[in-house]
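Chain residues, written in single-letter form:
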Amino acid sequence: MASRRLRAFKRWMKSQGIQCSDTLDFMDCPQQGISVRALSDLHEGDVVAKIPKTACLTIKTSGAREMIESAGLDGHLGLSVALMYEKSLAQDSPWAGYLQLLPPQECLPLVWTLGEVDSLLSGTELHKAIKEDKTLMYEDWKENILPLVYSAPQSLNPSSFSVKEYFAARSLIASRSFQIDEYHGFGMVPLADLFNHKTGAEDVHFTSVSPNQEYEDDVDSENGDNNELSKISSHDKRDSTCENSYIHSDSESDYSSVTGEDPMMLQMIMVREVKSGDEVFNTYGSLGNAALLHRYGFTEANNPFDIVNIDLELVLKWGCSLFSSRYCRARLSLWRRINISGSMIHVISWILAFALQTRLVQTLA
Ligand SMILES: C[S@@+](CC[C@H](N)C(=O)[O-])C[C@H]1O[C@@H](n2cnc3c(N)ncnc32)[C@H](O)[C@@H]1O
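Here is a short report on the structure shown in this document.

Rules used throughout
Residues numbered from 1 in each chain as written. Predicted model: local features only at pLDDT ≥ 70, side-chain atom pairs only at ≥ 80, totals over all residues. Heavy atoms only, no water. Near = heavy atom within 4 Å. Polar contact = N/O pair within 3.5 Å; in protein donor to acceptor, adjacent residues only side chain to side chain. Helix = DSSP H or I, 4+ residues; strand = E, 2+ residues; numbered from the N terminus. Nonpolar A, V, L, I, M, F, W, Y, C, P; charged D, E, K, R; others polar. Patch = residues over 30% accessible without salt bridge, like charges linked within 9 Å, V, L, I, M, F, W, Y side chains within 5 Å. Areas by Shrake-Rupley, 256 points an atom, 1.4 Å probe, with all protein chains shown as cover. Salt bridge = Lys/Arg side-chain N within 4 Å of Asp/Glu carboxyl O. Buried < 20%, exposed > 50% of the residue type's maximum accessible area, 1.4 Å probe, protein only. Pairing = 2+ DSSP bridges.

**Overview of the site of the ligand**
Close to the ligand lie 13 residues; Ile-34, Glu-106, Arg-176, Asn-196 and Tyr-296 are nearest. The side chain of Asn-196 places a nitrogen or oxygen atom 2.8 Å from a nitrogen atom of the ligand. Listing elements by their share of the shell around the ligand, those giving two or more residues are β3 (33-38) and α7 (163-176). Residues of the shell around the ligand, tallied by class, amount to six nonpolar, four polar and three charged.

Structure below.
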C-alpha cells in the first residue's frame, strides 16, 4: 500500500494534469527512498507519463519569478531561490504536494560538515573539489541571496533562505533537476525525478518531442563523461552544463503542428522492455563513482565507468624523482601540446612505463 506522502503526491499530480500510467508503482522505503517499479510488462515505446511544463518548478513558474529576475539571478542560483521560496510557503505553495515528497536535502558531500569532508574524502580527488564548491556556494549565497532576502518587496522569512537552506536546495537541484527547454531553463520535474539511476541501463527516457523522432535531441548523454567534478564547482560552469537534461527541440513548435504533439508536455517513454515487478531505471549518465558521489551522493558497485584521476603535480614529482628533470619537462610540454585532460591515456601509459621500469630495476637488482 502506498505511503501517505505518496498518496498525497498522486492526488497532487492529478490536480496538475500530470498523467502517470497505471503500470507504474512507487515504492517508499525509509532507508532507500522512493523507487519506481513495473506493475505489468512494459514495452519499448510505451509512454508511461506526461508532465505539463507548467507543473514543473522553474524560475518562470515560481511565485518568486519577479524577485529572481529583477535581481538578475538565473541558472541554478535562480532555481535555488525559487525552490527555497516555494518551500517557505509550505501548504500555500502550488507545489506543496510535490515538495512534501522531497527529502530535506540530498546527502551529497556538499552538505557534509568540513570534518566529514576531511575525514572521509582526504586523499581523494573530491577533497579539494568539495571544499571549493562549498566556498564558491557560500560566496554565491552571501553576495546574491542574503541581500535579496532583506531587499525583497514581499517579506521573506530569513530562516527559509539561510545558508543551510541554500546548500540543501543546491543538493536537491544537483541531484534532481532537469534542463527543460530554453524558456524554462533548469527545473524540478515532478515524477521524472523519482527514477533511480543504473549505469548503462536506461529503461525510461524523457523527451518533449514525439517518440517517433528517434530521440534525436537527446542530451542525457551530456552527463556521460567523467569530468563531472568540475561541473558543480563554479557558478558559470554549472549553469552551462546540463543536469539530467530534458530535451527541447528548437523546432518543437513546428514539429508539434505537424504531429499534433503538445509542446508544453514532457513525456516519459520506455526505451526497453521491463518485466512486471522489476525496477524501472533512468540513467544519469556514464559516470565514475567520484562523479556519482559528487553530484548524486551515492556510488555504484562494479561501475564500469569508474576512473581514477591522478594529480599531474604528483605524477611529475614522482617522475622527476626517477628521471632527469629535462626528460620530465619534455613530457610535460608534450602533454600540454596534446591537451592532457583529453589524453589521460598518455599519462597512464607513462605511469605504467615508470612502474614497469622501477619493477625491472628492482628485479634486476
Ligand atoms: C532523482 S532522485 C531518485 C529518486 C529518489 N530515490 C527519491 O527517493 O526520491 C536521485 C537520488 O536517488 C538516490 N539514488 C538514485 N539512484 C541510486 C542508486 N543507483 N543507488 C543509490 N541511490 C540512488 C540518490 O540519493 C540520488 O541523489
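**Digging into a nonpolar patch on the surface**
Together, Val-308, Ile-310 and Leu-314 make up a nonpolar patch on the protein surface, roughly 290 Å² of accessible area in all. Within the secondary structure, Leu-314 sits in helix α11 (residues 312-322).

**Concerning the pattern of salt bridges**
Throughout the structure, instances matching the rule amount to ten salt bridges. Between Lys-53 and Asp-181 there is a salt bridge, with its nearest N and O atoms 2.8 Å apart. Separated by 128 residues along the polypeptide, Lys-53 in the loop between β4 (47-52) and β5 (57-58) and Asp-181 in strand β6 (residues 177-181) bring together distant segments of the chain. By relative accessible area, which is 5% here, Asp-181 ends up buried. One salt bridge in this structure joins Arg-176 and Glu-106, with 3.8 Å as the shortest N-O distance. Here Glu-106 lies in the loop between α4 (96-99) and α5 (114-121) and Arg-176 lies in helix α7, a separation of 70 residues in the sequence.

**Describing the pairing of β6**
On a regular strand, one side chain projects to one face of the sheet and the next to the other, so that they alternate. Summarising burial for β6: five of the five residues are buried, a large majority. In this antiparallel pair of consecutive strands, β6 and strand β7 (residues 185-188), the connection spans three residues.

**Here we look at the environment of Gly-72**
You can see Gly-72 is positioned in the loop between α2 (65-70) and α3 (75-88). Residue Gly-72 is classed as exposed on the basis of its relative accessible area of 56%. Considered as a pair, Gly-72 and Asn-144 are 72 residues apart in the sequence and their alpha carbons are 9.4 Å apart.

**A word on unusual backbone geometry**
A positive phi is found at Ala-90, a non-glycine position, where the angle reads about 50°. For Ala-90, a relative accessible area of 44% puts it in the partly exposed group. Here the phi dihedral of Leu-191 falls at roughly 80°; this positive angle occurs in a residue that is not glycine. Along the chain, Leu-191 falls in the loop between β7 and β8 (204-207). The exposure class assigned to Leu-191 is buried, which follows from its relative accessible area of 0%.

**Section: the pairing of β8**
Going residue by residue along β8, you find Val-204 and Phe-206 tucked away on one face and His-205 and Thr-207 tucked away on the opposite face as well. In the sheet, β8 pairs with strand β9 (residues 265-270) via four bridges, with the strands oriented antiparallel. Bridge pairing in β9 places Thr-207 opposite Gln-267.

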